[in-house]
Amino acid sequence: MRLSSLLALLRPALPLILGLSLGCSLSLLRVSWIQGEGEDPCVEAVGERGGPQNPDSRARLDQTDEDFKPRIVPYYRDPNKPYKKVLRTRYIQTELGSRERLLVAVLTSRATLSTLAVAVNRTVAHHFPRLLYFTGQRGARAPAGMQVVSHGDERPAWLMSETLRHLHTHFGADYDWFFIMQDDTYVQAPRLAALAGHLSINQDLYLGRAEEFIGAGEQARYCHGGFGYLLSRSLLLRLRPHLDGCRGDILSARPDEWLGRCLIDALGIGCVSQHQGQQYRSFELAKNRDPEKEGSSAFLSAFAVHPVSEGTLMYRLHKRFSALELERAYSEIEQLQAQIRNLTVLTPEGEAGLTGPGSL
């Protein structure tokens, strides 16, 4: 009675019990077959490569493993061969061969170094990676915070040729563009940097305010130095071998005209005011004109303003253009806020979901 009741309870689990028993039996049988096959296959493989297997092969392998010791090979340098020390650059930028975008060179004089040149330095120096001042002769003490290079000669051709030689020698491999200006020029630095960023560096470019030579052909143009001009690195590299010849052959009372004639005579390249859709815009400031009252499109969009007769006028121009840039920034912010409001209509929360300073 009890046996029949026990079988009735185990009957639902009987297939499971039989399956587990059969699986365990097959597993034990397979293990016994593997262990009874003979020698270790790894040992047999070693025996096949080294020759016929003998009964002592396993013992020799075990003994070889026990006797193995690593051998340290010491470093030896031949004293007869020159030792080359590996030099690594200080900055990864130098090792990769990348260059800065723009270097600005300011032509000044001993009389204006402490006035106009200082005003230029205070208004634009923080916008450029490097700003250099070149003069024929300077006073006993250079203004603080300014890198001044003195050539020892006030002649215009000498000053320009030595300036270009210095730029090529010391910075020709580090910068893509060179902007040369006078100290009586106000430059809108952010616009100039943006202009250099939009131009291709793989070209010979002489960009500025194009002026005609007196008595020369229509194609012969030079860039007016009062409004500044851009020289590409490739053009500076090509011009360098011709500087000495131009200095002896070309007579000019102005350094910008001398450079323009040198480029035309040596390389056949003249000044252009527009390139790749980029226009070099400048503004000639009338005498005794108040910058606060200037509202023409030529003034508002200018890269450079000339002439600047005194340092206070330089600061007033900087104040005027800074206010214009600030107004432009506020206008762009308002446009972005309006676009955000238009997009919030498409969100589930609508304008109620606006967050941020002032809730836009």
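The protein chain is annotated in an unreviewed UniProt entry as Hexosyltransferase from Aotus nancymaae. Heading Subcellular location (unreviewed entry) of the UniProt record for the protein chain holds this comment: "Golgi apparatus, Golgi stack membrane". You can read under Sequence similarities (unreviewed entry) in the UniProt record for the protein chain the words "Belongs to the chondroitin N-acetylgalactosaminyltransferase family."

Before going further, it helps to examine the sheet that holds strand β6 (residues 206-208). Reading across from one edge, β3-β2-β1-β4-β9-β6 is the order of the 6 strands in this open sheet, with mixed pairing throughout. The strands lining the two open edges of the sheet, one partner per strand, are β3 (147-150) and β6. Going across the sheet, the axis of each strand differs from the next one's by a mean of 25 degrees, ignoring polarity. With 4 bridges joining them, strand β4 (residues 175-182) and strand β9 (residues 229-232) adopt antiparallel strand pairing. Residue pairing across strands places F178 opposite L231, the latter belonging to β9. Relative to the sheet, helix α7 (residues 156-171) contacts β1 (100-107), β2 (130-135), β3, β4 and β9, its axis offset from that of β2 by approximately 145 degrees. Packed onto the sheet, helix α8 (residues 189-198) meets β1, β4, β6 and β9 and runs at close to 130 degrees relative to β1.

Considering all chains together, one arrives at 8 aromatic pairs under this definition. With 5.9 Å between their ring centres and 85 degrees between their planes, Y206 and Y229 make a pair best called edge-to-face. Note that Y206 is positioned in strand β6 and Y229 in strand β9, a separation of 23 residues in sequence. Y229 shares its class with Y206; the two are buried. Measuring from ring centre to ring centre gives 4.8 Å for F213 and Y222, while their planes differ by 40 degrees; the resulting arrangement is tilted. Using a relative accessible area of 6% as the deciding quantity, one classes F213 as buried. For Y222, a relative accessible area of 4% translates into the label buried. The rings of Y186, F283, F299 and F321 are connected pair by pair, giving a single aromatic cluster.

Definitions and limits used
Here the residue index of a chain counts from 1 through its sequence in written order. Under the rules for a predicted model, residues below a pLDDT of 70 receive no local features and side-chain atom pairs below 80 are neither given nor counted, while totals for whole chains, interfaces and linings still include all residues. Calculation of side-chain values draws on the structure's entire complement of heavy atoms; hydrogens and water are dropped beforehand. UniProt positions are given in the numbering used here, feature names are shortened, and annotations may be inferred rather than shown by experiment. Pairing between two strands is assigned when DSSP locates at least 2 bridges connecting them. The numbering of helices and of strands both runs from the N terminus, where a helix is a DSSP run of H or I of at least 4 residues and a strand a run of E of at least 2. Whenever a helix is involved, its axis is fitted only over the stretch in contact; in every case the axis is a line through C-alpha atoms, and angles between N-to-C directions fall within 0 to 180 degrees. Should any heavy atoms of two residues lie within 4.5 Å, those residues are counted as being in contact. The criterion for an aromatic pair is that two Phe, Tyr or Trp rings (for Trp, the six-membered ring) have centres within 6.5 Å, with stacked assigned to planes under 30 degrees apart, edge-to-face to planes over 60 apart and tilted to the rest. Partly exposed residues are those whose accessible area sits between 20% and 50% of the maximum for their type, while under 20% is buried and over 50% is exposed, using a 1.4 Å probe and protein chains only.

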